[in-house]
Amino acid sequence: MQKELLHAVDEKAINTLRVLSAEAIEKAKSGHPGLPMGAAPMAWTLFSRHLSHDPSDAKWDNRDRFVLSAGHGSMLLYSLLHIFGYGLEMEDLKQFRQLGSKTPGHPEYGHTVGVEMTTGPLGQGLATAVGMAAAETRMAAHFNRPGHEIVDHYTYVIAGDGCMMEGISYEAASLAGTWKLGKLIVLYDSNNISIEGSTDIAFTENVAARFAALGWQTLRVEDGTDVEAISMAISVAKACTDKPSMIEIKTHIGQGCPAKQGKASAHGEPLGADNLAETKKTLGWDLPPFTVPQEVYQATAQLQEEGAKRHADWNAAFKAYEAAFPELAAEYTRWMSGQADLSFLSKGDYWAFEGSQATRNTSGEVLNRLAPYVPNLMGGAADLTPSTKSNLKGFGDYGPENRDGANIHFGVRELAMAAITNGLALHGGLRPYCATFFVFSDYMKPVIRLSALMNLPVLFILTHDSIGVGEDGPTHQPIEQLAMLRSIPGVTVFRPADGPETAAAYAYAMQNGGPVALALTRQNLPTLQASGIDAMRGGYLISSGGKQPDILLMATGSEVHLIIEAAKKLEEMGIHARVISMPSLDVFDRQPEAYKETVLPCAVRARLAVEAGSSMGWHKYVGLDGDVVCMEGFGASGPANRLFEHFGLTVDHVVERALAVVDKNKQKA
């Protein structure tokens with residue numbers, strides 16, 4: 001679009017974004033007008049002059065990614081999506097924050113076309129964008145060939161003061177600088193205001209100096225309404241190929257509202273009818289509510305045509321690439337489809353394990369058995385690869401010197417690691433995973449929750465899963481973390497008992513969407529030679545205990561071998577015990593009722609669950625007449641075998657509790 005034509009419509013377009021946002025928030029009687037009004041010029045500048053996108057196909061592979069990290073400013077994004085023709089209608093804007101609308105209070109991935117990720121928890125958008133930018137470099141290195149750059153796009157972020165305060169932004173920005181992600185550009189809406197007032201009360205650091213120290217190019221625009229200055233800064237950022245760029249743009253929150261501009265009250269409440277009227281007068285806006293000037297629609301329509309042409313040019317370029325490199329093009333298509341080659345499921349060696357091994361070790365074996373079938377696996381650990389066994393052998397380490405490496409060194413940054421892994425998944429083309437000690441999933445919980453909200457196929461490998469950690473003591477022994485993960489809707493948790501069950505967990509993850517978490521042991525466990533295929537149903541019989549067992553024994557992970565041995569002792573006493581392995585309560589709960597009845601028959605009320613973690617969640621399986629042998633407090637420091645004895649996770653104690661349950665039920669009969 002000609003520069004002169006853009007200049008002619010800039011002011012109307014920017015005020016359109018401001019007024020539409022304020023009107024929708026006023027109608028909803030809820031929302032955050034401050035950021036949309038202050039950041040409208042930078043958002044318009046980005047979308048009209050730099051963002052390569054095609055609203056007619058919001059999932060075009062080679063589009064630039066845009067993340068509104070300050071997700072509370074969602075009406076700014078919705079207004080942009082409306083005027084740029086993403087299919088968000090004016091009626092949708094009028095339904096802002098209403099139940100079932102396409103314009104929820106914070107942007108939701110998969111719900112509103114054009115939203116690249118779910119944002120709202122501050123800083124997560126910026127951190128996740130680091131993963132998107134890293135994914136672009138990996139895909140480009142793997143697939144591009146001279147004269148055929150089919151992967152070539154930028155990742156843009158609008159972040160606010162709150163994003164910069166959150167620690168996740170520091171962790172992720174540090175990695176972005178280390179990785180020299182030159183196509184990552186952050187527009188920092190720097191208005192010095194947060195909910196409680198001036199940021200001076202809690203945030204006086206030099207943010208640009210911090211980012212410079214992290215290896216970023218830093219730029220500054222003094223006037224956040226100066227479209228040309230903002231555009232020039234973005235151009236300078238794009239020209240820097242060996243550093244990510246942070247552009248600090250000085251703005252006024254609530255720009256255009258005489259009573260609230262520059263004040264904390266503009267942040268998170270409607271302007272009010274009188275203030276909205278004054279704002280329109282100040283901006284010279286005399287159109288009816290929820291009206292977009294035709295000049296703005298005409299300008300964005302032309303910009304849409306230009307985006308569609310860029311997309312068409314890319315399609316033509318991909319056809320030429322396909323002709324020149326047919327096998328590579330086919331591989332690219334497979335990677336971007338998100339579908340894994342599942343032929344490994346029929347390979348006997350995938351399921352074969354022998355001897356006694358820690359499930360963290362069998363996890364490492366399975367990960368590498370999968371790699372030939374799922375070559376787009378990419379991930380790593382928070383400085384714990386040797387302990388979590390999460391290295392892909394022969395696939396190289398990712399970094400500025402080797403963009404096609406599959407192994408990521410995240411450093412001691414669990415929170416950012418999880419967010420970056422989400423970003424790898426959101427970009428498309430990769431099957432990401434990350435790993436750390438299970439107890440440190442506490443650092444990752446808010447990101448895992450977002451992964452579930454977005455239904456991302458991310459694999460969380462969590463080792464050292466119980467008091468089996470031993471001498472490191474209670475700070476490193478997860479107790480309540482299993483219950484925490486199981487409580488998150490949409491997260492599938494596996495705690496396998498041996499190699500075949502570990503293989504089942506990975507097989508499930510490769511076949512199903514949504515995040516999967518693996519809780520894995522440090523200590524060796526016997527190979528039960530259980531059925532990996534059966535384990536994919538979440539719960540299954542190790543032994544039936546006869547047609548009408550006296551008691552149901554159920555366990556996960558390292559405690560399955562305990563109940564197997566306990567069942568043998570009970571049998572010697574004339575008590576018939578059914579042994580049930582429950583590697584995934586989540587998956588078991590999704591099975592048909594008829595199958596669940598074959599595993600946990602309702603007629604058998606004598607039940608005992610055993611797990612070296614919190615008992616929370618087990619009572620729905622054991623009922624009022626059953627019992628649990630679990631951890632009711634934190635662990636302790638000592639050799640693992642002594643700890644299991646100390647906390648009653650032994651065969652003899654399981655037998656004792658089982659007998660008590662059987663006696664209790666006989667007395668009730």
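Residues numbered from 1 in each chain as written. Predicted model: local features only at pLDDT ≥ 70, side-chain atom pairs only at ≥ 80, totals over all residues. Heavy atoms only, no water.

Engineer: For the overall build of the chain, give the residues involved together with the corresponding values.
Structural biologist: Across its full length, the chain carries 26 helices and 20 strands. Its C-alpha atoms give the chain a radius of gyration of 28 Å, near enough to 26 Å, the size a compact globule of 669 residues would have. Dimensions of the chain, computed from the C-alpha atoms along their principal axes, are close to 90 × 60 × 45 Å. Looking at the 669 residues of the chain, the share that counts as buried comes to 61%. Excluding contacts between residues fewer than 6 apart, the proportion of contacts in the chain whose partners are at least 24 apart in sequence is 77%. Accessible area of the chain: about 25000 Å², with a carbon and sulfur share of 52%. (Helix = DSSP H or I, 4+ residues; strand = E, 2+ residues; numbered from the N terminus. Rg over C-alpha atoms; globule rule 2.2 N^0.38 Å. Buried < 20%, exposed > 50% of the residue type's maximum accessible area, 1.4 Å probe, protein only. Contact = heavy atoms within 4.5 Å. Areas by Shrake-Rupley, 256 points an atom, 1.4 Å probe, with all protein chains shown as cover.)

Engineer: Break down unusual backbone geometry for me, citing the residues and quoting the values.
Structural biologist: You will see that Lys180, though not glycine, has its phi angle at about 55°, which is positive. Counting through the fold element by element, Lys180 comes out in the loop between helix H7 (167-178) and strand S3 (184-190). Backbone geometry places Asn455, a non-glycine residue, at a positive phi of 55°. Mapping Asn455 onto the fold places it in the loop between helix H17 (441-453) and strand S12 (459-463). For Asn455, a relative accessible area of 48% gives the class partly exposed.

Engineer: Summarise the packing of helix H5 (residues 124-143) against H7; cite the residues concerned and give the values.
Structural biologist: As a packed pair, H5 and H7 sit with axes 8 Å apart at the nearest point and diverge in direction by 20°. Taken together, the axis directions place H5 and H7 in an arrangement best described as roughly parallel. Once H5 is placed against H7, the crossing between them reads as left-handed. Between H5 and H7, the contacting residues are Gln124, Leu126, Ala127 and Val130 on the first element and Ile168, Ser169, Ala172 and Ala176 on the second. Each residue belonging to the contact of H5 with H7 can be placed in one class, and the counts come to six nonpolar, two polar and no charged. (Axes fitted to C-alpha atoms, helices over the stretch in contact; angles between N-to-C directions. Parallel < 35°, antiparallel > 145°, perpendicular 65-115°, else oblique. Left-handed = near helix turned anticlockwise from the far one by under 90°. Nonpolar A, V, L, I, M, F, W, Y, C, P; charged D, E, K, R; others polar.)

Engineer: Account for the sheet that holds strand S2 (residues 155-160), naming residues and giving values.
Structural biologist: Pairing in this open sheet of five strands is parallel, and the strands run S1-S2-S3-S7-S6 from one edge to the other. The open sheet has two free edges, formed respectively by strand S1 (65-68) and strand S6 (217-221), since each of these has just one partner strand. Put simply, the sheet's adjacent strands are angled 15° from each other on average, direction ignored. Pairing between S6 and strand S7 (residues 245-250): five bridges, direction parallel. The residue of S7 that forms the bridge with Thr218 is Met246. (Pairing = 2+ DSSP bridges.)

Engineer: How would you explain the nonpolar core if you had to name every residue and give the values?
Structural biologist: Counting residues in hydrophobic clusters, the biggest one holds 133 residues, and the most contacted among them are Trp44, Trp179 and Ile247. Sort the elements by how many residues they give to this core and H5 lands first, with eleven residues. Counting 53 residues, the second largest nonpolar core, distinct from the first, contains Tyr433, Leu552, Val604 and Trp618. (Core = buried A, V, L, I, M, F, W, Y, C linked by side-chain atoms within 4.5 Å.)

Engineer: If you had to explain the packing of helix H1 (residues 3-28) against helix H11 (residues 294-324) to someone new, which residues and values would you point to?
Structural biologist: Contact geometry for H1 and H11: axes closest at 9 Å, N-to-C directions at 115°. As for how H1 packs across H11, the hand of that crossing is left-handed. On H11, the residues touching Leu5, Leu6, Val9, Lys12, Ala13 and Thr16 of H1 are Glu295, Val296, Ala299, Gln302 and Leu303. Of the residues belonging to the contact of H1 with H11, the class tally is seven nonpolar, two polar and two charged.

Engineer: For helix H9 (residues 227-239), give the residues involved together with the corresponding values.
Structural biologist: If you check H9, its first and last C-alpha atoms are 18 Å apart, about what 13 residues at 1.5 Å a residue would give, namely 18 Å. Listed in full, the buried residues belonging to H9 are Val227, Ile230, Ser231, Ala233, Ile234 and Ala237. Angular distribution of buried residues about the axis of H9 spans 160°; they occupy a single face of the element. Those residues of H9 that are exposed and angled more than 90 degrees off the buried face are Met232 and Ala239. Tucked inside the fold, the buried residues of H9 contact H1, helix H2 (34-49), S2, S3, S6 and S7. Taking the backbone nitrogen of Glu228 as reference, a side-chain oxygen 3.2 Å away marks Asp226 as the first, capping residue of H9. (Expected span 1.5 Å × (residues − 1). Arc of directions from axis to C-beta. Polar contact = N/O pair within 3.5 Å; in protein donor to acceptor, adjacent residues only side chain to side chain.)

Engineer: Lay out the side chain of Thr436 with the relevant residues and their values.
Structural biologist: Mapping Thr436 onto the fold places it in strand S11 (residues 431-437). Apart from the residues within four sequence positions on either side, Thr436 is in contact with Ala382, Leu384, Thr388, Glu414, Met417, Met444, Ile461, Leu462 and Thr463.

Engineer: So, the sheet that holds strand S19 (residues 607-614): which residues are in play, and what are the values?
Structural biologist: Sheet architecture is open: five strands sit in the order S16-S18-S17-S19-S20, paired in mixed fashion. Each edge of the open sheet carries a strand with a single partner, namely strand S16 (540-543) and strand S20 (627-631). Between one strand axis and the next, the sheet turns through 25° on average, direction left out of account. One ladder, built from four bridges, connects S19 with S20; its direction is parallel. Along S20, the bridge assignment pairs Ala609 with Val628.

Engineer: Can you lay out the environment of Gly470 for me, pointing to particular residues and giving the numbers?
Structural biologist: Note that Gly470 resides in the loop between S12 and helix H18 (481-486). Residue Gly470 is classed as buried on the basis of its relative accessible area of 0%. Separated by 173 residues in the primary sequence, Gly470 and Leu643 have C-alpha atoms spaced 7.1 Å apart.

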